[in-house]
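Architecture and fold: a report
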Amino acid sequence: MSMHPDLAVLARYADGDPGLDEASVWSVESHLEACADCRAQLAGHVPEDTRALLDLVTAGIDRGIGAGPPPVPRRRIWSAVSRRWLAVTLAPWLTMTAAVLGCAALLHAVNPELPSLVLLLAPVAPLPGVAVSWNRRTDPAWELVAGTPAAGLGMLLRRTAVVLAVVIPLLTLAGARTGAPLALLLTPCLAFTAASIALGALIGVRRAAAGLAAVWALAVVVPSLATAELPVVLHPGGAAVWAVAAVAMAGFAVARADLFRRLTSGN
Amino acid sequence: MRTMSTAETAPATYAWAVHAEQLTVRAGRHLAVAGLDLRLHTGVHGLLGPNGAGKTTLMRALATVLRPAGGELTLLGEPVSGRGDLRRVRRGLGYLPQDFGFYPRFTVREFVEYMAWLKEMPKAAIPAAAQRAIERVGLTAKADARMKTLSGGMVRRAGIAQAIVNDPQVLLLDEPTVGLDPEQRLDFRELLLDIGVDSCVLVSTHLVEDVVAACTDVVLVNEGRLVFQGSPDELIAHGDQGDAGYSPAERGYSALLRRHRAGAA
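What counts and how
- Residues numbered from 1 in each chain as written.
- Chains lettered and ligands numbered in written order.
- Predicted model: local features only at pLDDT ≥ 70, side-chain atom pairs only at ≥ 80, totals over all residues.
- Heavy atoms only, no water.
- UniProt positions renumbered as here; feature names shortened; annotations may be inferred.
- Helix = DSSP H or I, 4+ residues; strand = E, 2+ residues; numbered from the N terminus.
- Contact = heavy atoms within 4.5 Å.
- Buried area = accessible area lost by both parts, 1.4 Å probe.
- Salt bridge = Lys/Arg side-chain N within 4 Å of Asp/Glu carboxyl O.
- Polar contact = N/O pair within 3.5 Å; in protein donor to acceptor, adjacent residues only side chain to side chain.
- Nonpolar A, V, L, I, M, F, W, Y, C, P; charged D, E, K, R; others polar.

As annotated in an unreviewed UniProt entry, chain B carries the name ABC-type multidrug transport system ATPase subunit and comes from Actinoplanes xinjiangensis. Checking UniProt for chain B, the heading Sequence similarities (unreviewed entry) contains the comment "Belongs to the ABC transporter superfamily."

The name given to chain A in an unreviewed UniProt entry is Putative zinc finger protein, with the source organism recorded as Actinoplanes xinjiangensis.

Next up, the structure:
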């Protein structure tokens, strides 16, 4: 901060003394902007007519505030945050996922000899939500959003996080009911989510999720229900492999983030 | 009024805000923009052309929504036709699509604020910028009404508000006057001229009269190619009494199109 101006200079400035040269006026003004003490000093030196004028202005502004429209009430932070995170209507898809998992858990309770359906469906449980999260058909404002700097992998991950925040507790709950090991429930689920995003970089997330779900259903779910045996990919000890696959897929997606900058017609 | 930052008053380091060379863009399998050369600087540019001329596809490519199939496209001095980072360019863009969807349970203010947030504006500046944009399109009274309760013209104006909320250097408006009543169209023209003082505005429209009244420059495209670029007066000068149309500008428009079609055949 500059040196405090001399009290006499401040008094002459307050009086509007024409003898004060421009350089001094500037230095006083730039100092006043930064120094509350000197502003208080200045207020003490203000002549009577200026003070009357200031009072008049204050009264006028107060009247204006009283007569004008009331300020917009400050909204809760929660509302802005929820708008940002939950812009897309995921609720029907997540409700469907929850219903399917509930049925699977119920079926397991009724018929414990069959391989656990919860375990079999866990990998594909988040895929419907992921498929609709950043998509031309389900996001009405896709054309507006696709031209903004926030569009891209970051937005897809943010919306996927919302899906996982719902699906993972559901899986944990269903797993606790049926006694399925938690690691075997969650690692394939994360691996499939990461895989649908990674594959989505190349063919669109919607197609990738549909393709992966179909392959899983045909190659694993149907045979294991037919033979009534848990498939080898879901045996204990496979969790580490699933975790490695999830990390690898996520790594690929992040490395190829440039492929997500535009919303391709595959989405 | 708002405060200008030093970054905004700094001189531009590019010659054209929008520069397209031999630009080709696909709409599905069809080549909707086929070798278009376009150079735009500050001012209001009216994009005219018959249905299917490739106006909307061109707009989408300029808004970085579609990737060009070929040619060079440079926005604000940065190439956007390849796979490069688009964030910086997109922060300076405003785009109103022809048919835009919205989240029906959002209020107008929430919608505009959400779009401002997506455009990565500083968090502290968003509420004031949204309020200002809503005031500029004359929707203040409806700022806290839900989007689904608005009429077609109001939705259009909310769309314009989200496009201008970040004070874009390149503003792309696709059919912005659809659904606006005559009085609102006049207000909208004033707004365009105001924004066009220091930004590059490209307005696509069917209404030749809108272009003559509100634009400093006319861009006429047909079948994905540039037919004519010049001032409204030059457009008028191309027409004579024998051409179809009710006004001099319309006669100029139909004369240019007729000549282009004859040349292409």
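1. Examining the UniProt feature "domain: ABC transporter" (unreviewed entry) in chain B
Within the UniProt annotation, "domain: ABC transporter" (unreviewed entry) is assigned to residues 18-248 of chain B. Counted over residues 18-248 of chain B, helix gives 33% and strand 26%. Its end C-alpha atoms are 29 Å apart.

2. A closer look at the interface of chain A and chain B
Between chain A and chain B, the residue contacts involve 30 residues of the former and 40 residues of the latter. For the pair chain A and chain B, the summed buried surface comes to about 3100 Å²; carbon and sulfur atoms form 53% of the total. Arg261 of chain A serves as the salt-bridge partner of Asp85 of chain B, at 3.6 Å between the closest nitrogen and oxygen. Here chain A and chain B share 10 residue pairs in polar contact (both at pLDDT 80 or more) between them. Those elements that place two or more of their residues in the side of chain A that touches chain B are helix H5 (77-85), helix H9 (142-146) and helix H10 (153-178) of chain A. In terms of residue count, H9 of chain A provides more of the side of chain A that touches chain B than any other element does, 5 residues in total. Here the side of chain A that touches chain B is built from residues that sort into 15 nonpolar, 3 polar and 12 charged.

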